[in-house]
Amino acid sequence: MSKRAPQPRAAAPQASLAGGPSAGHAPARAPAAGDPPGQGSGRGAIAEVARLDGVRGELRLRLYNEGSELLLAKPPIVLAMPDGGERPATIATARRTNKGLLVEVVGVVDRDAAEALRGARVLVARELFPAPDDGEFYACDVEGARVQLGGEEIGRVRSLASYPTCDALVVD
């Protein structure tokens, strides 16, 4: 289990990503109008708010990579809300728990405030991620990339879906 990786990684897909090397590393791109929160913004999602814990507003995060220690360092975060809005936030405390992380966010002091954050994705600055190993990539780096099969564009990568037996690119 790697302690460095903040997000799931996957081997290169069989189809090629236009504009990027065949090894699966997508080129960086500037944010575009209509990008989902975090996509192309220089930020990447590393966790989501799974549920609240207790009555004081503590949040239980589901880490996309259980070995990641990035949030334990309490970097600046942005909460990408399920409705599409974004909210900058500061982590006051963070500690490991069974397959996740318990965090207190400054200003979230009760159960109701914590419940309002359920389902939010936790975004951090992309430059805080360690470099991926050869043949690997971060999902946030390929979101929005063109996918080609046999030289013909078949869509764009919307996201990476993680299943119990594999990760798969979701292509629109």
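Above this text you will find the structure in question.
Along each chain, residue indices are assigned from 1 in the same order as the chain's sequence is written. Where local features are concerned, this predicted model is filtered to residues with pLDDT of at least 70; where side-chain atom pairs are given and counted, the filter is 80 or more; whole-chain, interface and lining totals use all residues. Hydrogens and waters are ignored; side-chain quantities use all the structure's heavy atoms.

Undergrad: Which residues make up the pairing of strand S3 (residues 43-53), and what values go with them?
TA: Bridge analysis of S3 against strand S9 (residues 121-125) gives 5 bridges, and the strand direction is antiparallel. Paired with Ala 47 across the two strands is Val 122, which belongs to S9. Think of it this way: DSSP has to see at least two bridges between two strands before they count as a pair. Each helix is a run of H or I in the DSSP string that is no shorter than four residues. Each strand is a run of E no shorter than two, and both are numbered from the N terminus. Note: S3 against strand S4 (residues 58-63), 6 bridges, orientation antiparallel. Residue pairing in the sheet places Ala 47 in a bridge with Leu 63 of S4. Here S3 folds back onto S4 in antiparallel fashion, the turn holding 4 residues, of which Gly 54 has a positive phi close to 80 degrees.

Undergrad: Let's hear about the packing of aromatic side chains: which residues, and what values?
TA: Note on ring pairs: Phe, Tyr and Trp rings are taken, using the six-membered ring of Trp, and paired if centres are within 6.5 Å. Classes follow the plane angle, with under 30 degrees stacked, over 60 edge-to-face and the rest tilted. For the structure shown, the criterion picks out 1 aromatic pair. Their ring planes at 70 degrees and their centres at 5.0 Å tell us that Phe 129 and Tyr 138 sit as a pair that is edge-to-face. No difference in accessibility class separates Phe 129 from Tyr 138, as the two residues are buried. Burial classification: accessible surface area is computed with a 1.4 Å probe over protein chains only, and a residue below 20% of its type maximum counts as buried, one above 50% as exposed, and the rest as partly exposed.

Undergrad: Can you lay out the side chain of Glu 58 for me, pointing to particular residues and giving the numbers?
TA: Inspection of the secondary structure assignment puts Glu 58 in strand S4. The buried category is assigned to Glu 58, whose relative accessible area is 6%. Here Arg 95 takes part through its side chain, which lies 3.3 Å from a polar atom of the side chain of Glu 58. Glu 58 has contacts with Leu 52, Asp 53, Arg 95, Leu 102, Val 103, Glu 104 and Ala 114, leaving out every residue within four places of it along the chain. We call two N or O atoms a polar contact when they sit within 3.5 Å, provided that within protein one can donate a hydrogen and the other can accept it, with sequence-adjacent residues counted only if both atoms are side-chain atoms. Contact between two residues is taken to exist if any of their heavy atoms lie within 4.5 Å; hydrogens are not considered.

Undergrad: Break down the environment of Glu 127 for me, with residues and values.
TA: One can find Glu 127 in the loop between S9 and strand S10 (136-138). According to the relative accessible area criterion, Glu 127 is exposed, its value standing at 67%. For the pair Glu 127 and Gly 44, spaced 83 residues apart in sequence, the C-alpha to C-alpha distance is 9.3 Å.

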